[in-house]
Amino acid sequence: MSYAETETASQPACWRRAADLAGGPEAVALPVAGERVAVVGCGTSFYMAQAYAGLREGSGQGESDAFAASEFPSGRGYDRVVALTRSGTTTEVLELLNRLRGTTRTVAVTADPRTPVRAAADGLVVLDFADERSVVQTRFATTALTLLRAHLGLHSDAVVADAEAALAEPLPDELLRSTQFSFLGRGWTVGLAHEAALKMKEASLSWTESYPAMEYRHGPISISTAGTTTWMFGEAPEGLPEQVRATGARWVNGSLDPLADLVRVQRLALARAAARGLDPDLPRHLSRSVVLDGA
Ligand SMILES: N[C@@H]1[C@@H](O)[C@H](O)[C@@H](COP(=O)(O)O)O[C@@H]1O
């Protein structure tokens, strides 16, 4: 079994631990209600940042923006910046945290506190039990999001049960054979849609795209055809399933919690990698974290 498969399968246990931490002293550096917050990361961590910002803003706990760490706008007055970084070594994240020192409170959520992020951030939340051997992130990302979701009071045991169901259910053959995937989300699930698309690319070299669901009708639907799959995270906009099915594409809209639905995509990505003879632990052109020369 690959590391990626083992790590994917361990998510329910990791989510339980993260939810327990959310109310404890480990989480004390996380934002409090009413603060204006920016959430940053790179790659998978950026997409989890988008999901967290969407959840926080949507629940009325304060203005929340998400940025790729390289695109953080200068001159904005945030009360706190939350950085997500599994490795604690990603150059853009460290550069940003160092730049904000002394002007903005920062906190990093990481799997490895022995890395430069410890010195760069004011506060640290350590999820070492969710660290991974894989290049492709699965359980660190979803565990970090579960911690943040629980800290907002938006996690329940039902989410973990849904993840267990997602790990147990058979994967339909049509999904293994699909030629192209479009992942859609609304609000916080837009980040999940982007992460689903990235996972399928990284692990299985599948052709994928992702959009806010209401944007799909504004052009992207033109490539929808028989053999393609459109996968919606969460509640679909009215009329969109019918419109997509009319193109001949397969419409997928699970009934599980959207974060558990992401576990289905992770499994699908690993199964498609296996079917293509790819090793998901050795993805093409990728490294575990990107550390730029001279940084
Ligand atoms: N290939 C990895 C990605 O899988 C990862 O999501 C990203 C962020 O890494 P980290 O969360 O360690 O900052 O770095 C690299 O690009």
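Criteria and cut-off values
Residues numbered from 1 in each chain as written. Predicted model: local features only at pLDDT ≥ 70, side-chain atom pairs only at ≥ 80, totals over all residues. Heavy atoms only, no water. Near = heavy atom within 4 Å. Areas by Shrake-Rupley, 256 points an atom, 1.4 Å probe, with all protein chains shown as cover. Nonpolar A, V, L, I, M, F, W, Y, C, P; charged D, E, K, R; others polar. Pairing = 2+ DSSP bridges. Helix = DSSP H or I, 4+ residues; strand = E, 2+ residues; numbered from the N terminus. Axes fitted to C-alpha atoms, helices over the stretch in contact; angles between N-to-C directions. Core = buried A, V, L, I, M, F, W, Y, C linked by side-chain atoms within 4.5 Å. Buried < 20%, exposed > 50% of the residue type's maximum accessible area, 1.4 Å probe, protein only. Contact = heavy atoms within 4.5 Å.

### Observations concerning the site of the ligand
Link 1 in the chain: Close to the ligand lie 15 residues; S45, T85, R86, S87 and T90 are nearest.
Link 2 in the chain: For the ligand, whose accessible area on its own is 390 Å², the fraction buried by protein is 93%.
Link 3 in the chain: Along the lines of polarity and charge, the residues of the shell around the ligand split into 3 nonpolar, 9 polar and 3 charged.

### Side note on the sheet that holds strand β9 (residues 250-252)
Link 1 in the chain: Read from one edge of the open sheet, 4 strands run β7-β6-β8-β9, paired in parallel fashion. Here the strands that pair on one side only, and so sit at the sheet edges, are β7 (208-212) and β9. Direction aside, neighbouring strands of the sheet carry axes that sit 20° apart on average.
Link 2 in the chain: Bridge count for strand β8 (residues 228-232) against β9 is 3 bridges, and the pairing is parallel. Each residue of the ladder has a partner; that of T230, found in β9, is W251.

### Notes on the nonpolar core
Link 1 in the chain: Among the nonpolar cores identified, the biggest contains 60 residues, and V109, L127, L145, L147, F183, L192 and F233 are the most heavily contacted of them.
Link 2 in the chain: Among the elements that take part in this core, helix α11 (residues 258-275) stands out by supplying 8 residues, more than any other.
Link 3 in the chain: What L145 contacts, discounting residues up to four positions off in sequence, is M48, A51, Y52, L55, W188, L192 and L259.
Link 4 in the chain: In this structure, F67, Y78, A108 and A121 belong to the second largest nonpolar core, which totals 17 residues.

### Points about the sheet that holds strand β2 (residues 64-68)
Link 1 in the chain: Reading across from one edge, β2-β1-β3-β4-β5 is the order of the 5 strands in this open sheet, with parallel pairing throughout. If you trace the sheet from one side to the other, it starts and ends with β2 and β5 (123-126), each paired once. On average, adjacent strands in this sheet sit at an angle of 20° to one another, irrespective of strand direction.
Link 2 in the chain: Where strand β4 (residues 105-110) meets β5, 4 bridges bridge the pair, whose relative direction is parallel. Of the residues in β5, the one forming a bridge with A108 is L124.
Link 3 in the chain: Sheet strands touched by helix α6 (residues 139-151): β3 (80-85), β4 and β5. Its angle to β4, the strand with the most contacts, is close to 135°.

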